[in-house]
Amino acid sequence: MVKIIGGPEGLYEREAYIEKMLPTMQSNWCKELIQLELASKKQQTAQINATIQSMPQSTSKTSLGKSIGSLPQGANLYVAEEENIDSPVQRIRALSQQAIIDV
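Turning next to the overall build of the chain. From N to C terminus, the chain includes 4 helices and 3 strands. In the chain, the succession of helices and strands from N to C terminus is α-α-α-β-β-β-α. Across the 103 residues in the chain, those meeting the buried criterion constitute 22%. Counting only contacts in the chain whose residues sit at least 6 apart along the sequence, the fraction spanning at least 24 positions is 26%.

Quick look at the structure:
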């Protein structure tokens, strides 16, 4: 039970955690439950990847990082090229009061 509720919460980290823990589970009901969660995480990952693949591509550099395109809803996506996430997040906050999503 601890293996099911434990682990990271981020989408990609959770998916990797489940794949690692699944072979160690002994109870069938635990395996079934975690397999359902893994299928859900893989579907979410596929949806995100499909959305990114379908958006108009751009590779211009900006003060926020490399622009990789825009979502149909109007959100602009950037890849920060810095190891420290604080600097790009501070620049985004200074430019806008809109939501920041770190995936």
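Backbone-to-backbone hydrogen bonds pair the strands of a sheet. The strands run either parallel or antiparallel. Here 3 strands make up an open sheet; going across it, the order is 1-2-3 and the pairing antiparallel. Looking at which strands have only one partner, the edges of the open sheet turn out to be strand 1 (61-62) and strand 3 (76-79). Here strand 1 runs beside strand 2 (residues 65-70); their pairing, made up of 2 bridges, is antiparallel. Within strand 2, the position partnered with K61 by the bridge is K66.

A word on the pattern of salt bridges. Under the counting rule described, the total for this entry stands at 3 salt bridges. In this structure, the salt-bridge partner of E15 is K42, at a minimum N-O distance of 3.4 Å. Separated by 27 residues along the polypeptide, E15 in helix 2 (residues 11-21) and K42 in helix 3 (residues 28-54) bring together distant segments of the chain. In this structure E15 comes out as buried when scored by relative accessible area, which is 12%. Here K42 falls in the partly exposed class, since its relative accessible area comes to 37%. Measuring nitrogen to oxygen at the nearest pair gives 2.6 Å for the salt bridge that ties K42 to E19. Of this pair, K42 sits in helix 3 while E19 sits in helix 2, and the two are 23 residues apart along the sequence. Each member of the salt-bridge network shares a partner with another, and the members are E15, E19 and K42.

Once that is clear, we can look at helix 3. In a regular helix each residue adds 1.5 Å, so 27 residues correspond to 39 Å; helix 3 covers 39 Å between its end C-alpha atoms and thus fits that length. Taken as a whole, helix 3 has its buried residues at C30, I34, L38, K41 and T45.

If you look at the hairpin formed by strand 1 and strand 2, you'll find 2 residues sitting between the two strands. Pairing of strand 2 with strand 3 involves 4 bridges; the strand directions are antiparallel. By the bridge assignment, S67 is partnered in strand 3 with Y78. Taking the residues between adjacent antiparallel strands as the criterion, strand 2 and strand 3 are bridged by 5 residues, where G74 takes a positive phi near 100°.

Calculation rules
Residues numbered from 1 in each chain as written. Predicted model: local features only at pLDDT ≥ 70, side-chain atom pairs only at ≥ 80, totals over all residues. Heavy atoms only, no water. Helix = DSSP H or I, 4+ residues; strand = E, 2+ residues; numbered from the N terminus. Buried < 20%, exposed > 50% of the residue type's maximum accessible area, 1.4 Å probe, protein only. Contact = heavy atoms within 4.5 Å. Pairing = 2+ DSSP bridges. Salt bridge = Lys/Arg side-chain N within 4 Å of Asp/Glu carboxyl O. Expected span 1.5 Å × (residues − 1).

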